[in-house]
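The chain contents come next:
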Amino acid sequence: MNKLKLIIAREFIAKVKNKSFILMTFLSPVIAIAMIGLVAFLTKKNDDKVKEIVYVDESGLFLDQDFKSTKTIKYVDFTKLGVDETKKKVEEGNHYGMLHIPKIDSLETLANSIEFYSKDTPGLSVIGSLESKVNTKLRGLKMQKLGIDEQKIKLSRIKSDIKLFNFSGEKTSKLANGIKIAAGTVAGYLLMMFVIIYGAAVMRSVIEEKTSRIIEVIVSSVKPFQLMLGKIIGNASAGILQFFIWGILLFTLSTIASVVFGFDMGGMQQANLSPEQTQAIESMGNDKVQILIQELYKLPILKLFLLFIFYFLGGYMLYSSLFAAVGAAVDSETDTQQFMMPIMLPLMLGVYVGAFTVIDDPHGPISVIFSHIPFTSPIVMLMRVPFGVAWWEILVSMLILVLTFLAVVWLASKIYRVGILMYGKKTTYKDLWKWIRYSA
Amino acid sequence: MNNLLEINNVVKQYGGYTALNDVSMHIPKGSVFGLLGPNGAGKTSLIRIINQITMPDSGEIILDGEKLAPHHIEHIGYLPEERGLYKSMKVGDQALYLAQLKGMSKSEAKKKLKYWFDKFDIGAWWNKKIEELSKGMAQKVQFIVTVLHEPKLLIFDEPFSGFDPINAQLIAKEILQLRDEGATIIFSTHRMESVEEMCDYIALINKSNKILDGKLDDIKRQYRTNVFEIGLKTDRAEEVKLQLKQNFDISPANFKSLNEGLKLNVKLKSNTANDLLSFLTANGEVNHFVELVPSANDIFIETVNKTN
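Residues numbered from 1 in each chain as written. Chains lettered and ligands numbered in written order. Predicted model: local features only at pLDDT ≥ 70, side-chain atom pairs only at ≥ 80, totals over all residues. Heavy atoms only, no water.

The next thing to look at is unusual backbone geometry. Residues and elements named next belong to chain B. Phi is positive for Gln-52, which is not a glycine, with a value near 60 degrees. Here the phi dihedral of Asn-226 falls at roughly 60 degrees; this positive angle occurs in a residue that is not glycine. Looking at the secondary structure, you find Asn-226 in the loop between helix 7 (216-222) and strand 11 (227-233). (Helix = DSSP H or I, 4+ residues; strand = E, 2+ residues; numbered from the N terminus.)

Our next topic: the domain arrangement of chain A. Assigned domains within chain A: domain 1 (49-150) and domain 2 (171-258 + 279-437). Using only C-alpha atoms to locate each centre, domain 1 of chain A and domain 2 of chain A end up separated by 53 Å. (Domains from an automatic or database assignment.)

Between its terminal C-alpha atoms helix 1 (residues 2-17) of chain A stretches 22 Å, which fits the 22 Å expected from 16 residues at 1.5 Å a residue. Three or more residues of helix 1 of chain A are buried, namely Lys3(A), Leu4(A), Leu6(A), Ile7(A), Ile8(A), Arg10(A), Glu11(A) and Lys15(A). (Expected span 1.5 Å × (residues − 1). Buried < 20%, exposed > 50% of the residue type's maximum accessible area, 1.4 Å probe, protein only.)

Residues and elements named next belong to chain B. Spatial strand order, 12-13-11-14: four strands in an open sheet with antiparallel pairing. The strands lining the two open edges of the sheet, one partner per strand, are strand 12 (249-252) and strand 14 (285-291). In this sheet, adjacent strand axes meet at a mean angle of 25 degrees when their direction is disregarded. Sheet topology places strand 12 next to strand 13 (residues 262-267); four bridges connect them, and they run antiparallel. Within the sheet, the bridge partner assigned to Pro-252 lies in strand 13 and is Leu-264. (Pairing = 2+ DSSP bridges. Axes fitted to C-alpha atoms, helices over the stretch in contact; angles between N-to-C directions.)

What follows covers the packing of helix 12 (residues 301-329) of chain A against helix 15 (residues 377-384) of chain A. Two measures define how a pair of helices packs: the angle their axes make with one another and the distance between the axes. All names here are of chain A. Put simply, helix 12 and helix 15 touch, their axes get as near as 9 Å, and they point 170 degrees apart. As judged from the angle between their axes, helix 12 and helix 15 are roughly antiparallel. The segment helix 12 lies against helix 15, with Leu-304, Leu-307, Phe-308, Tyr-311 and Gly-315 engaging Ser-377, Pro-378, Met-381 and Leu-382. Counted by class, the contact of helix 12 with helix 15 contains seven nonpolar, two polar and no charged residues. (Parallel < 35°, antiparallel > 145°, perpendicular 65-115°, else oblique. Contact = heavy atoms within 4.5 Å. Nonpolar A, V, L, I, M, F, W, Y, C, P; charged D, E, K, R; others polar.)

Next comes the structure, spelled out in structure tokens:
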């Protein structure tokens, strides 16, 4: 027991003193925040620039009010100049592009004959907004032709909004669902990344002991299993330390950033809306916003955090014992490829099941099954938890994970025990099977 | 109890391969015991069993009167052939860590390390990383770490590899001194001249079987051939040769000597070395007279070839 403590301490210190660990711990939150800041800054800058689009309407169907300028796009009527002249002007000048509406009587044909010229390929949003403008106009014209009263159609339009309740009578909203999805996905992805990063660290540490040839010195003092366990626990402790530092750093940095850059999300949104729209939101949306905020607070943050720690530890221990066995089986990191695939596959599967199935149906059979299979459960269960999972289901999943870990660590230690003293020969899966069956 | 270590009928198999086949040997207390054998004979398997890195399939090992158990790790020091240290760890931290793994307290380890570092005059390396040291320097640290906890049993596998002749001599002296202070030493090597120089006992393993063991002097006696290498300054070389032939078996010898004259290998028959010597002195001036004692090298090659 005392020796295990010594090993854990050494592994922990070796990991924490490592320059790359220090760099990663203190730099990545800064980089993450800086990236978000940069993207936000650039998006804002981008929006500030007004695009000028000119149009040549030969059909004469479109009126000025059909091309209402917005904050980001300004429409200018160049019809009088004619197509060729305008093209030249746009090509030489600073205009973003030119919309050409030819003179065609049939509305159907016209709908497919409108052209847009620009120097650069236009963004999807620009084309989308142009198309929707044209659609609205042409649809209106078509209705007139067919004798349909546009006003009546508008009046007949009904927008439904199904209110969501659970049986304890709480009101939820679809927006809240989005938050749950986001929280689960972030937790699941984070977990996968950590398992890979820290599992690989364990593997590298095993390989280092093999290549530096200290391994035989060590195992003449401690049992290989103790060494493996100490390595796994030591690295996990470093990982948890890193979480906490990141948590603290992210919190402080984002607080500082929001103060410095003055990101006022509410203000930004409102700025893009017309007064009527703002009013509309205020009248009917207030409720929603409130629910959203409530929902954010109601999100089982503490539960999610504790489960994250548990599933991180469980998943990490499970995978890192496999990583340790792989490290023991090879002579250098370049030889690990063939053994990495079967380890990475279930991790990837977990994320994909989480990203596609859980979001679609958090309590469907596939989600439930994968949240119990120990190789995917840490990721999938974490993604399900925000949607509310029965405590006994979580308990069963945890129990399976723990039992599987014990079985896997037992198998891995058999491979490890033999592998660490093997040099030179390239290991095959057949060798691994043989090692498992060796007696001590 | 005269034996520190008794290995009784040890068998070890890996899958279908037998690494040790019913091997027994007794290692007397306070001796240097040479564990010899060709590559792949099973020496490392045996050493790993003694270190409890692996367990024998059958057979038992008795250390100092007790059946080998995990707590004996503290009484064994092992310098493996495949050895190394953590490259990015500081010398001092590393030595302390390894000493603590052998059951020493930190303060005790510090005290003893100071003694050894002073003895080898390497105190200045304490805060250096292993990767900053040369191979020979790292080997010195490794040697200290092996002997630091003053084990009863020391196992050295090719201890001189990586040392220059001066440092090899220093280490050899230390090993012998440890023996004189009461430690028992198992010494595995392919360098036969160091076997001659250091071992009191040897055991020879070939193809998983022990084929020879005992006191080195006794074995040599067993293997002696009663052949003498002689050099004789005489004017009547042919005549002397003819006369020698009547009582001894002779064959031409080829040894380096500053003196001119007859060079022969002479094998005694029923007579003694004195008979040979008195004949020679009567017939000329003896300038070379050496019994051809089989070297450990000869015994090694001969025994192994015989069993192959």
